[in-house]
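Observations on the three-dimensional arrangement
The chain contents come next:
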Amino acid sequence: MKNNKLVMIMSVMLVAILLVGTVAVVAVMKLTAEDGEKEPSIDEVLEASVDIPEVTTNLASNDFIKISFKIETDGKKAKEELEKRDFQVKNLIIYELSEKKAEELQGKEGKMNLEETLKAKINGLMLDGKVEKVYITGSLLQ
């Protein structure tokens, strides 16, 4: 009889400890998840962004384009690296544009495809950080 009471008390204590531990783990995970998904402020985005001045080049369709970009990185180290690699980025832009026809760059979808392609290619160059987004800041197609 004494053994049954002792086992029952130990079981109740063990369940109580497990319940408190589970609540603590869930609370900690919920708090850290909310902090990790915070969007950067516009000031933080600008601090980690690089301007690519206007590039003028021929397209595959014998038209030409004047286009400029702002490239958002994931931090200051990535921004510094991207600034050093500006000649490589311009080279990538010229190569990509030289393969495009004017029709491929017209409209929202064409420009979004160019942004995604450049993002992937530039990320292939990066060693310290990555490109988050490529923005077209100016475009003149003739």
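Being a predicted model, the structure only gives us computed values, none of them experimental.

**A closer look at the confidence of the model for the chain**
In this model, the chain carries an average pLDDT of 89, and 95% of its residues clear a pLDDT of 70 or more. Confidence scores differ between elements of the chain, with helix H1 (residues 2-36) showing the lowest mean pLDDT of 80 and strand E2 (residues 64-73) the highest of 95.

**Thoughts on the nonpolar core**
Formed by 22 residues in total, the largest nonpolar core has its most connected members in Ile52, Phe69, Ile71, Ile93, Leu97 and Ile122. If sequence neighbours within four positions are ignored, Ile52 has contacts with Ser68, Phe69, Ile71, Val89, Lys90 and Ile93.

**Topic: the environment of Glu96**
Residue position: Glu96 is located in helix H4 (residues 86-98). As a C-alpha pair, Glu96 and Leu114 span 18 residues in sequence and 8.1 Å in three-dimensional space. Aside from chain neighbours lying at most four places away, what touches Glu96 is Thr117, Leu118 and Lys121.

**Topic: the packing of aromatic side chains**
Using the criterion set out here, one finds 0 aromatic pairs in the structure. Above the ring of Tyr135, the side-chain terminus of Lys133 is found at 5.2 Å from the ring centroid.

**Some remarks on the pattern of salt bridges**
Under the definition given, this model contains 4 salt bridges. The partner of Lys70 in a salt bridge is Asp51, and the shortest N-O contact between them spans 2.8 Å. Pair noted here: Lys70 is in strand E2 and Asp51 is in strand E1 (residues 49-58), with a separation of 19 residues, a long-range link. Look at Lys70 and you get partly exposed, because its relative accessible area is 21%. Close ionic contact of Glu115 with Lys133 constitutes a salt bridge, the shortest N to O distance being 3.3 Å. With Glu115 in helix H6 (residues 107-125) and Lys133 in strand E3 (residues 131-141), this residue pair connects regions lying 18 residues apart in the sequence. For Lys133, a relative accessible area of 27% puts it in the partly exposed group.

**Concerning the sheet that holds E3**
Spatially, the 3 strands line up as an open sheet ordered E1-E2-E3, and their pairing is antiparallel. The open sheet has two free edges, formed respectively by E1 and E3, since each of these has just one partner strand. Pairwise comparison of adjacent strand axes, ignoring direction, gives a mean angle of 20° for this sheet. Across 8 bridges, E1 lies against E2 in antiparallel orientation. Residue Val55 lies in a different strand from E2, and its bridge partner there is Ile67. Contacting E1 and E2, H4 runs over the sheet at an angle of about 40° to E1.

Thresholds applied
- Residue numbers here run from 1 along each chain, matching the order of that chain's written sequence.
- Restriction of local features to residues with pLDDT of at least 70 applies here, the model being predicted, together with a cutoff of 80 or more for giving and counting side-chain atom pairs; totals for whole chains, interfaces and linings are based on all residues.
- No hydrogens and no water enter the side-chain calculation; it runs on all heavy atoms of the structure.
- Each residue gets a pLDDT score, which is the predictor's confidence in that residue and runs from 0 to 100.
- Runs of E in the DSSP output that reach at least two residues are strands. Runs of H or I that reach at least four are helices, and both are numbered from the N terminus.
- Nine residue types can take part in a nonpolar core, namely buried Ala, Val, Leu, Ile, Met, Phe, Trp, Tyr and Cys, and a core is a set of them joined through side-chain atoms within 4.5 Å.
- For the exposure calls, accessible area comes from a 1.4 Å probe over protein chains only, and a residue counts as buried if that area is under 20% of its type's maximum, exposed if over 50%, partly exposed in between.
- A contact between two residues is defined here by any heavy atoms of the two lying within 4.5 Å.
- Between rings of Phe, Tyr and Trp, where Trp is taken as its six-membered ring, a pair exists when centres lie within 6.5 Å; planes separated by under 30 degrees are stacked, by over 60 edge-to-face, and by other angles tilted.
- Ring-over charges, as used throughout, are those where CZ of Arg or NZ of Lys falls within 6 Å of the ring centre and within 35 degrees of the ring normal.
- Every case where a carboxyl oxygen of Asp or Glu lies within 4 Å of a side-chain nitrogen of Lys or Arg is listed as a salt bridge.
- Strands pair, by our definition, only if DSSP identifies at least two bridges between them.
- Axis angles are defined between N-to-C directions and span 0 to 180 degrees, where every axis is a line fitted to C-alpha atoms and, for a helix, only to the segment in contact.

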